[in-house]
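# Working through the structure, step by step
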Amino acid sequence: MAFHTTSLPLRILHLEDSVADHELTCMALRRAGMAHTVHQVDTLDAFRSALCPGAFDVILADYNLPGFTAMDAWALASGETGHPPFILLSGAIGEAAAVDAMRLGIADYVLKDEMARLPHVIERAREVHEARMAREQAVRDLAHSQQRLAELTEHLQSSIEQERAAISREIHDDIGGSLTAILFDLAWIGRHAQQAEVCRHAQAATSMLQHALEASQRIMMNLRPPILDQGIVAAVQWLANGFEQRSGVTTQVRSSAATIALSADIQLVAYRTAQEALTNAAKHAHAQAIQIDIADTGGVFTLEISDDGCGMEDGAPKKAKSFGLRGLRERAKTVDGWLDVSSRAGEGTSIILSVPLHHSSEEENTP
């Protein structure tokens, strides 16, 4: 039988109190052509001292030893991160005990009167071990990648909000101021013009300019509404009122309190969640009524937006281009919260944001 080999011999830690059995083990490996080095120990203390990360490729252990069993050694080995495969090599273990040992994580077992099987069992145990280690490393890499993605998402969301705030200030301070100044000048022209044609043009320009001022204010409010400074309840109520006026959909807001103290980060996440949920309802739900519930109970802030619309088909939130709900979930994670979506076709949709509250830190950050 040919074995997978490397340039280095297989490093084996052998827990065995019988010199003869140890020699038989080494002979079986040599006959199989398996390059190896063996370090034999016969006490639990010696076994504990020999356990070093990366020192061995496989552990072989007799089951019954003076004063202890292989299960005591397994308890020590299994506590080491990335420990090598542990194989029972014994003539005094029943099949039931061996199966129980394998359920605890031991790689395999070989009876001493079947020593010829040992090289094959070692090779198979190493393959399984390497596959498990590769899988665990892939899981760690994925978790690290997800963490980096979450950090990037948080950074991007923060940058977007900063840009929105900056643009809102520019609209208010620069564009809004300029349009207001022009409005005054047009009003002056309208009052002092002698020709009726000039007056009509001044009035038309004034009307258009007033429309532009209202549009700039609406854009500014959508970017970063100043009403957020009055708290999440007032901000969501303002958002709902505007949505109801534009869409004609009855939108009701209920809150467990007139004001709810939140950190600026949680408040902004809640506002954007309500904003996106209402936008989705307007585009897709065909709802007649929307209910928004805000609560601060049990140390958890919750925001629920429910509609009586057409609902979503199964799997719709997981579609490749379903970025809205994914974005809301990522936003929720930035404040250690989570987003639940409940929907059935023809039965409406409910979006719930939940965020655990830590009042001591929030009170320091609340504006």
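Residues numbered from 1 in each chain as written. Predicted model: local features only at pLDDT ≥ 70, side-chain atom pairs only at ≥ 80, totals over all residues. Heavy atoms only, no water.

Moving on, we get to the overall build of the chain. In terms of helices and strands, the chain carries ten helices and twelve strands. Taken over C-alpha atoms, the radius of gyration comes to 36 Å for the chain, far larger than the 21 Å a tight globule of 367 residues would show. Out of the 367 residues in the chain, the part that is buried amounts to 38%. Partitioning the contacts of the chain with sequence separation of at least 6, the portion at a separation of at least 24 is 68%. Carbon and sulfur atoms make up 54% of the accessible area of the chain, which totals about 20,900 Å². When the 31 basic and 48 acidic side-chain charges of the chain are each reduced to a single mean position, those positions are 6 Å apart. (Helix = DSSP H or I, 4+ residues; strand = E, 2+ residues; numbered from the N terminus. Rg over C-alpha atoms; globule rule 2.2 N^0.38 Å. Buried < 20%, exposed > 50% of the residue type's maximum accessible area, 1.4 Å probe, protein only. Contact = heavy atoms within 4.5 Å. Areas by Shrake-Rupley, 256 points an atom, 1.4 Å probe, with all protein chains shown as cover. Lys, Arg positive; Asp, Glu negative; His and termini not counted. Charge placed at Lys NZ, Arg CZ, Asp CG, Glu CD.)

With that settled, the discussion passes to the packing of helix α7 (residues 232-247) against helix α8 (residues 264-285). Contact pair α7 / α8: the axes reach a minimum separation of 10 Å and the direction vectors enclose 15°. When the axes of α7 and α8 are compared, the pair comes out roughly parallel. You can see that α7 and α8 cross each other, and the crossing is right-handed. Between α7 and α8, the contacting residues are Ile232, Ala235, Val236, Trp238, Leu239 and Phe243 on the first element and Gln267, Ala270, Tyr271, Ala274, Gln275, Leu278 and Ala282 on the second. (Axes fitted to C-alpha atoms, helices over the stretch in contact; angles between N-to-C directions. Parallel < 35°, antiparallel > 145°, perpendicular 65-115°, else oblique. Left-handed = near helix turned anticlockwise from the far one by under 90°.)

Let's shift gears to the sheet that holds strand β9 (residues 289-297). The strand order across the open sheet built from five strands is β8-β9-β10-β12-β11, with neighbouring strands paired in mixed fashion. Both edges of this open sheet fall to β8 (250-255) and β11 (338-343), since each of them pairs with a single strand only. Within the sheet, the average angular offset between the axes of one strand and its neighbour, ignoring direction, is 10°. Packed on one face of the sheet, α7 meets β8, β9 and β10 (300-307) and runs near 170° to β8. Across the face of the sheet, α8 comes into contact with β8, β9, β10, β11 and β12 (349-356) while running at roughly 10° to β10. (Pairing = 2+ DSSP bridges.)

Okay, unusual backbone geometry next. Even without a glycine there, the phi angle at histidine 286 is positive, about 55°. Structurally, histidine 286 is set in the loop between α8 and β9. Overall, histidine 286 belongs to the exposed group, its relative accessible area being 63%. The residue aspartate 336 is not glycine, and still its phi comes out positive at about 65°.

Grouped together as the largest cluster of nonpolar side chains are 39 residues, with contacts concentrated most on Ile232, Ile290, Ile292, Ile294, Phe301, Leu303 and Leu353. Contributions of two or more residues to this core are made by α7, α8, β9, β10, α9 (323-334) and β12. Element by element, the count of residues in this core is highest for α8, at ten residues. Formed by 23 residues, the second largest nonpolar core is a distinct cluster that contains Val41, Met71, Ile93 and Ala101. (Core = buried A, V, L, I, M, F, W, Y, C linked by side-chain atoms within 4.5 Å.)

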